[in-house]
Structures are given as structure tokens and as C-alpha cells.
Amino acid sequence: MIQSSELILNPDGSVYHLNLKPEHIAHDIIFVGDQNRVEKITQFFDSIEFSTQKREFKTQTGYFKGKKMTVMSTGIGPDNIDIVMNELDALVNIDIETRKPKANLTSLNIIRIGTSGSLQADIPCDSFVMSKYGLGLDNMLRSYLIDDISEVAMEDAFIKQTDWDMRKGRPYVIACSETLEKRIQSTQIHKGFTGTAGGFYGPQGRVLRLEIQDPSLNGKMDSFDYNGIKMTNLEMETGAIYGLGKLLGHECLSLNAIIANRATGTFSEDPYKAVDALIAYALEKLAE
């Protein structure tokens, strides 16, 4: 039995951070970072049957073209993803009353819809990127046993090509769900290699008042090449989602609307339009 200190429940029996019970979520789940983006998606639903929020974790479940879906805000960063993925898994794969893992496990479909900046000139503003791989530059996932799910050769290539300082921890590379890749892909989508940073400023090479450990890291990432695979964008959640998804047995895919291009120094003229277009695309693909 899982102790109450390990799986913390609220007085009403819902999981601690997400404030959810098993009946509150659908099999298909859309992640967004910003709590205000949840309703930008559910406004297209035919109906909403459940809604709750605790801290930055806002959840709405309803129907789009007859298909039940859940939209959830995760907040920012790999630490939040650790909370969200583990508590979602507990809802479907642990009997909350007996506190025992279920004999028959459920695999959720989880799609992240986010915004990002492109690192390559040939992936312009307002385009869509599907993360074929997630590169984790944080250390969160290394708290788990990941040797059987990580792409070690790609990790080694990244470490070598960027002269990575191992005092920051070993980067990890995790592939997306092949099932969801086939379901969502089209000629409208660029496939990419997405870096997941553990912070927004120093970890992504931004300098305000503090010096950073490797001022040339961004340039090294821009030029990274592993058998033709190049880094396409940088954000703060994908690698963690892919890693925990693989470990827990869930199908995960990350989609980003590109609102800036660092290689060309450009920014989308209408970033909200780009995000809305990606939302519409993802909803239609999930409803098929």
C-alpha cells in the first residue's frame, strides 16, 4: 500500500495539487502552460462538464465534436511536470481508496500545446513544430531510472558538440510517442528536436545582471547536428513530459506554435493567431 505521505489526497479524496478525482478526466488530455489558455481551447467545446482550479493547475473536461477531452494547465517548468504527470497517473493507475496500483494499467494520450522560439532559419514564425525528441537540460528526470528509455547516443553527441559542463548534470534525450506522431503529423508540421531548459533566464542563455556558465551555449545548440537532426526550439516542459510519459506508460506528444525565430531575429506579427491555428489543428486531429 502506498503511504499517505507519498500519495497525498485532499479531504474530498482528490489528488493534492490537481484537485482531481478519477472521474474528472478524459483519456485524451491537452496540456497548456498558462492557466488562461485553458479556456482558449475549451471555448471550442460543445459542452464542459467539469471545471476546477488549484494554484496554477486549472482543468476543464468536456466534449469536442462528441469526443471527451480534458484541457489542463501545468504551469511552467519540469518541476511542475513532475507533479502533473505523477498525479494524473495516480488517477488512472492507482486505486485511490485502497492506495494500491491497479493490475490493469491505463495509458493516457497527452498532447502539449505551447509556444516557442525557433533556432533554425528554415522554421519560420507562425509555423508548427512537433517535437520528435525532447532534450532535457534539467536534472529532474535523473531522479528516476531512465537508462532504458533514453537516447544515449544522442545525449553523448550533444555533450561532445556543446562541450557540456557535467557539473550541471547529464542531459537526457527522450523520443515522442510514435502512436501520437502518426496520428497528428501532416505536411503542415515540422518535426523537431526540442530543448527543455530548467529555467527561463540563465538556463536559456539570457543575461540580465548575472554572468552565465557558458555564454556560447546557445550558438553551440544552434549548430548541433546528429545524423541530420538539429535542435529546432527551446522551451521548459517537453523533455520532462516525454520522460515521465515513457516511464509511466502514457503516449505523449508536444506541439509548439513558433512565435519567434532567433536565427532570423523575427517575431510573429500576430502570435495569438498562430496559437489559435495550432489549437484548431490539434483539436481536429484528436477528434478524428
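As a reminder, the structure under discussion sits directly above these lines.
Residues numbered from 1 in each chain as written. Predicted model: local features only at pLDDT ≥ 70, side-chain atom pairs only at ≥ 80, totals over all residues. Heavy atoms only, no water.

Peer 1: Any chance you could explain the packing of aromatic side chains here in plain terms?
Peer 2: Enumeration according to the criterion identifies six aromatic pairs in this entry. Centre to centre, the rings of F158 and W164 are 5.8 Å apart; their planes meet at 50 degrees, and the pair counts as tilted. In this pair, the class of F158 matches that of W164, namely buried. What links up through ring pairs into an aromatic cluster is the set Y133, F158, W164, F193 and F224. Looking at K54, its charged tip hangs above the ring of Y16, at a distance of 3.9 Å from the centre. In this arrangement the basic side chain of R206 is found over the ring face of F200, its NZ or CZ atom lying 3.9 Å from the centre. (Phe/Tyr/Trp six-rings, centres within 6.5 Å; stacked < 30°, edge-to-face > 60°. Buried < 20%, exposed > 50% of the residue type's maximum accessible area, 1.4 Å probe, protein only. Lys NZ or Arg CZ within 6 Å of the ring centre and 35° of its normal.)

Peer 1: Mind showing me how you'd approach the nonpolar core here?
Peer 2: Considering soluble globular proteins, one finds that nonpolar side chains tend to be buried as a cluster. Judged by nonpolar contacts, the single largest core of 55 residues is most densely connected at F31, I41, L88 and L253. Sort the elements by how many residues they give to this core and helix α7 (residues 271–287) lands first, with eight residues. Those residues in contact with L253, other than ones at most four positions away along the chain, are I110, I111, R112, M130, S131, C176, L180, E181, I184 and Y242. By size, the runner-up hydrophobic cluster in this structure holds 17 residues, among which are M154, V173, M231 and L234. (Core = buried A, V, L, I, M, F, W, Y, C linked by side-chain atoms within 4.5 Å. Helix = DSSP H or I, 4+ residues; strand = E, 2+ residues; numbered from the N terminus. Contact = heavy atoms within 4.5 Å.)

Peer 1: How should the pairing of strand β4 (residues 67–73) be read in this particular structure?
Peer 2: Where a strand is regular, its side chains alternate between the two sheet faces. Extensive coverage of β4 is indicated by the burial of five of its seven residues. Both strand β1 (residues 28–32) and β4 contribute to a ladder of five bridges, which runs parallel. Across the sheet, D28 pairs through a bridge with M69, a residue of β4. Relative to β4, strand β3 (residues 57–64) runs antiparallel, the two being bridged by six bridges. What sits directly across from T61, in β4, is T70. Connecting β3 to the antiparallel partner β4 that follows it, the hairpin turn spans two residues, and K65 within it adopts a positive phi of roughly 50 degrees. (Pairing = 2+ DSSP bridges.)

Peer 1: How should a negative patch on the surface be read in this particular structure?
Peer 2: A grouping of D126, E269, D270 and D276 is seen on the molecular surface, where their side chains present a negatively charged patch. Relative to the helices and strands, D270 is located in the loop between β14 (266–267) and α7. (Patch = residues over 30% accessible without salt bridge, like charges linked within 9 Å, V, L, I, M, F, W, Y side chains within 5 Å. Areas by Shrake-Rupley, 256 points an atom, 1.4 Å probe, with all protein chains shown as cover. Salt bridge = Lys/Arg side-chain N within 4 Å of Asp/Glu carboxyl O. Lys, Arg positive; Asp, Glu negative; His and termini not counted. Charge placed at Lys NZ, Arg CZ, Asp CG, Glu CD.)

Peer 1: Which parts of the structure should I look at to understand the pairing of strand β12 (residues 229–235)?
Peer 2: Of all seven residues that make up β12, five are buried, and the element is covered over most of its length. Relative to β12, strand β7 (residues 109–118) is paired through two bridges, and the arrangement is antiparallel. Directly across from S118, in β12, lies its bridge partner N233. For strand β10 (residues 189–196) and β12, the ladder comprises four bridges, and the chain directions are parallel. Residue T196 lies in a different strand from β12, and its bridge partner there is E235. Where strand β11 (residues 225–226) meets β12, two bridges bridge the pair, whose relative direction is antiparallel. The residue of β12 that forms the bridge with Y226 is I229. In this antiparallel pair of consecutive strands, β11 and β12, the connection spans two residues, and N227 shows a positive phi of 50 degrees.

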